[in-house]
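Structural overview for review
One-letter residues, chain by chain:
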Amino acid sequence: MLAYTLKRIGLAALVAIAVSAVAFLLLRASGDVAVALAGEGASAESVEAIRQAYRLDRPLALQYFEWVGKTLRGDFGESLYFKTDVLALVADKMPTTAWLALFSLVFALAISLPLGIVAALYPNSLIDRLCLALAVLGQALPNFFFALVLIMVFAVGFHLLPVSGSESWENFVLPSVALGYYVAPPFMRLIRTGMIEVMASDYIRTARAKGLSGASIVLKHALRNALVPVVALAAVQLGLLLGGSVVIETVFALDGLGYLAYQSISHLDLPVTQAVVTLLSFIYVGLTLAADLVNAWLDPRIRIG
Amino acid sequence: MIIAGVGKLAALFAAIIIFFASALATPAAAGKRDNSVRFAEEQAVDNLDPYFNNVRIGVILAHHIWDTLIYRDPNAGEYKGELATSWKWIDDRTLELELRQGVKFHNGAEFDADDVVYTFNFVSKPESKAITTQLVDWIDRVEKLDRYKVRIHTKHSFPAALEYLAATLVIHPHEYYAKVGPKGMSEKPIGTGPYRVVEHALGKYIRLVRNPDYFTGGPKAQPTIDKVEVRFIPDRQTQLAEVLSGGADFIKNVPVDQARQARAAPHLQVISAEIMRYAFMQFDTLDNTPAPMLRDVRVRQAVMHAIDRDAMVKSIVGEGSRVLHVPCFPTQFGCIDEGAPHFAYDPAKAKRLLADAGFPDGFAVDLYAYRDRDQVEAMIGYLRAVGIRANLRFLQYAAFDTAVRGGKAPIAVWTWGSFSINDVSAGVSNFHKGQADDVNRDGEVRKLLERGDAALDPEVRKSAYAKALALITERAYVLPLYSIPVYYVATKDLVFNAYADEIPRFWEMSWK
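Residues numbered from 1 in each chain as written. Chains lettered and ligands numbered in written order. Predicted model: local features only at pLDDT ≥ 70, side-chain atom pairs only at ≥ 80, totals over all residues. Heavy atoms only, no water.

**Topic: the sheet that holds strand β11 (residues 250–252) of chain B**
All names here are of chain B. Worth spelling out the cut-off: When DSSP finds two or more bridges between two strands, those strands count as paired. Helix numbering and strand numbering both begin at the N terminus, where a helix is a DSSP run of H or I of at least 4 residues and a strand a DSSP run of E of at least 2. Here an axis means a line fitted to C-alpha atoms, over the contact stretch when the element is a helix, while the angle between two N-to-C directions is reported on a 0 to 180 degree scale.
Pairing in this open sheet of 10 strands is mixed, and the strands run β8-β9-β10-β1-β11-β16-β12-β15-β13-β14 from one edge to the other. At either margin of the open sheet sits one strand with a lone partner, and together these are β8 (195–201) and β14 (388–394). Going from strand to strand, the sheet's axes swing by 25° on average, the running direction of each strand aside.

The following block contains the structure:
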């Protein structure tokens, strides 16, 4: 187990480093940073002045290694656009995104658990097909579209919830639903499959023979085992939620990391984009690593492969 | 980006929920109830100091939190004294101004010549890293004559100085600014303007309150609206949803099709106003142009005849826009149409011109653009009808401008706002005086523009500009397209005016 763990950690670190380097290169390739900073209509002299002021004319490799060196010491630099410390900026926005991701995950589980269980208990029936349809709809609908529909029905139409902003918990309801619905389908399918498998196993037959009630069998005995792979999936889906937050936060004007990523990309604010991409990739890699380790711990066969 | 594709669908939904919203409930009239206006804006401002940002909301707030020396009346078009009371040119490089007395900054400090001297000398220094250097780099230095008199020395003869002083060249309190610098000024802005900042949550919102001690006798009215809240909502559909549900009172730059739908809502008003921004198509005719066929004037003239600008203005650009025949905005000083040829929509003539130039079957060419994709696609449709197969390269502004300056964009569709400066020197001169964005480099045009930019005599300027514009159009370097309108959607009871400089004036607004 230890050898496996170390190997996985090593690979994870390499992936994270590769992501940061690729992001660095891609950002520079997407446009001239000095022009973006100078803004629309700036003269060539203004652009040059900015290029000099921010030392953007140095060789790429030099800029990258300087960035790595500073990052390892915890200095993520200063935002070119906001002119504030990047780490402080990220730390300020992180809680909003963390809450959004958490609430979305909770919502996703809240709808996928009942759907998955019901679908598993009546496989290939009309109910199963309906649950499947709902799941597929969640994956097929673009989440920004669904978000707008939610706004239009619940905020504008029925005035039940606010349209945008991040003042209170009410502002997180619609965004969590929009984002949660997007990641629910894989959970539903996994729970359904897991439950079907488990319900056909010997110990469940024993439980039935013992005379235990249906509810007790499903919830206490079967679900517990079916949920094991779901925990691992949750870790991975959390990463997906962080990515999906870019669009959702922009639509709902939630001032989180996703929106910061969107703004910094539009402004070619390199230090911030770099920091956000690096941070999110570390989190995502960390989560998938955790999922791998959990699975390996539960199923020793994985450790050998 | 994501918004563009969903525009049409959103318009349909807007129609549906407008029905919802009006049928089910009347929205909360919070803005009217507490005499405030809630304004939703797309792009957040990074630094509130007007010399250190270049976003639209920065320009708007500059006029609310601070004052400039001179104010240009948007209705009469004349210059009025704001922080200055009178001015005269001593020689062709020295402007002397008398300053207004009895004006106080929001922190109680008194306004006088020291503030003008410090502000201008600071921002015009390259080390200060002011963002839009073009707005201040004409200033050589400012000299104090006495407590309420200053002299501005320009680097070269600069007749447009008054126009620039009336733009966003605001005056900062010298002691405070020297102490806190641009960063401190952004965090806690202090100016002389009709509104004060009470709260600034970076990237989220800015809250302003009325300045009860705003000086009287100036060109800006005493404000009646007590509070203004500017909220940053990046998605245009969300902005519209906020106005529909009563969460916001005022939004602008609403896409045409959605604005038209919003007209159906009984509690909203929709106003469209032409702004100074205009669109034009630029052709790269230099030696290293990626499309050598564009060096033949007949090919360029063919493009000029191929696009039906009247039809575009009528159907997709929006109400208030008009076709332009020279690449400048009609109210700009020096924007003279007479003498410039008009290119009528004539696809048959376009095809003939192409055949004469040796392209009877047309040709393929890259076309670069960075906004208003639907309009650009309409233009491409017209070009295709005469055989020119334009391949659209739709980029972010920074990538677009890099391509143009790098000689990679044979045809580029630009829009230009001239920084809301009503003088041709801030407009067409930017593209034909040999700078990075000049992809024609015509020496004759350049000389004429230089004369127009430098002469102090208005008649000399006008004649030089008229000749330059006529040449640019005759030689088909640029296809002037149309002026761009902006749609405002607001709560019905809000009384406001829409101006060509795109600056909503909250100090003039009121609730019915």
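**Re the packing of helix α5 (residues 86–121) of chain A against helix α12 (residues 257–266) of chain A**
Residue and element names in this part refer to chain A. Defined as follows: Here roughly perpendicular refers to angles of 65 to 115 degrees, roughly parallel to angles under 35, roughly antiparallel to angles over 145, and oblique to all remaining angles. Contact between two residues is taken to exist if any of their heavy atoms lie within 4.5 Å; hydrogens are not considered. Side-chain classes are defined by residue name, with Ala, Val, Leu, Ile, Met, Phe, Trp, Tyr, Cys and Pro counting as nonpolar, Asp, Glu, Lys and Arg as charged, and the others, Gly among them, as polar.
Put simply, α5 and α12 touch, their axes get as near as 7 Å, and they point 130° apart. Between α5 and α12, the crossing angle belongs to the class labelled oblique. Mapping the contact onto sequence places Leu89, Val90, Lys93, Met94 and Thr97 in α5 and Leu257, Gly258 and Leu260 in α12. In terms of residue class, the contact of α5 with α12 is built from 5 nonpolar, 2 polar and 1 charged.

**Quick notes on helix α15 (residues 443–454) of chain B**
Residues and elements named next belong to chain B. This is how the line gets drawn: Each helix should span, by expectation, one fewer than its residue count multiplied by 1.5 Å. Only protein chains enter the accessibility calculation, which uses a 1.4 Å probe; a residue is then buried when its area is under 20% of its type maximum, exposed when over 50%, and partly exposed in between. As used here, the arc belongs to the directions running from the helix axis to the C-beta atoms.
With 12 residues, α15 extends 16 Å between its outermost C-alpha atoms, agreeing within 8% with the 16 Å of an ideal straight helix rising 1.5 Å per residue. Three or more residues of α15 are buried, namely Val445, Leu448, Leu449, Gly452 and Asp453. Relative to the axis of α15, the buried residues are bounded by an arc of 135° and lie together on one face. Residues of α15 that are buried make contact with α14 (429–432) and α16 (458–474).

**As for the side chain of Asp437 of chain B**
Residues and elements named next belong to chain B. Worth spelling out the cut-off: In protein, a polar contact means a hydrogen-donor-capable atom and an acceptor-capable atom, both N or O and within 3.5 Å, with residues adjacent in sequence counting only if both atoms are side-chain atoms; elsewhere, any N or O pair within 3.5 Å suffices.
Within the element layout of this structure, Asp437 appears in the loop between α14 and α15. One polar contact links Asp437 to Arg405, side chain to side chain, over a distance of 2.9 Å. With residues up to four places along the chain from it excluded, the contact list for Asp437 reads Gln282, Asp401, Val404, Arg405, Trp414, Asn430 and Phe431.

**Some thoughts on the packing of α5 of chain A against helix α8 (residues 173–199) of chain A**
All names here are of chain A. Basically, it comes down to this: Should the near helix be turned anticlockwise from the far one by less than a right angle, the crossing is termed left-handed; should it be turned clockwise, right-handed.
Packing of α5 against α8 brings their axes to within 6 Å, and their N-to-C directions diverge by 35°. The element α5 and its partner α8 pack so that their crossing is right-handed. Class assignment for the residues of the contact of α5 with α8 results in 25 nonpolar, 5 polar and 1 charged.

**Some words on the interface of chain B and chain A**
Put simply, the rule is: By definition here, a salt bridge exists when the distance from a side-chain nitrogen of Lys or Arg to a carboxyl oxygen of Asp or Glu is within 4 Å.
Contact residues are listed per partner, giving 50 residues for chain B and 48 residues for chain A. Remark: the boundary between chain B and chain A carries 1 salt bridge. A salt bridge links Asp255 of chain A to Lys204 of chain B; the nearest nitrogen and oxygen atoms lie 3.1 Å apart. The tally of links from chain B across to chain A stands at 4 residue pairs in polar contact (both at pLDDT 80 or more). Contributing elements (two or more residues each) for the side of chain B that touches chain A: α1 (2–24), β10 (227–232), α7 (236–245), α13 (397–405) and β15 (411–416) of chain B. At 8 residues, the largest contribution of residues to the side of chain B that touches chain A is made by α1 of chain B.

**Some words on the nonpolar core**
The test is simple: For the purposes of this section, nonpolar cores are sets of buried Ala, Val, Leu, Ile, Met, Phe, Trp, Tyr and Cys residues that join through side-chain atoms within 4.5 Å.
Counting residues in hydrophobic clusters, the biggest one holds 196 residues, and the most contacted among them are Met195 of chain A together with Leu69, Phe120, Ile152, Phe250 and Met281 of chain B. Looking at this core, the element that brings in the most residues is α8 of chain A, giving 12 residues. When residues no more than four places from it in sequence are discounted, the contact partners of Phe120 of chain B are Tyr51, Leu69, Ile139, Val142, Ile152, Leu165, Leu169, Val170 and Ile171 of chain B. Membership of the second largest hydrophobic core comes to 48 residues, among which are Ala34 and Val35 of chain A together with Val445 and Leu448 of chain B.

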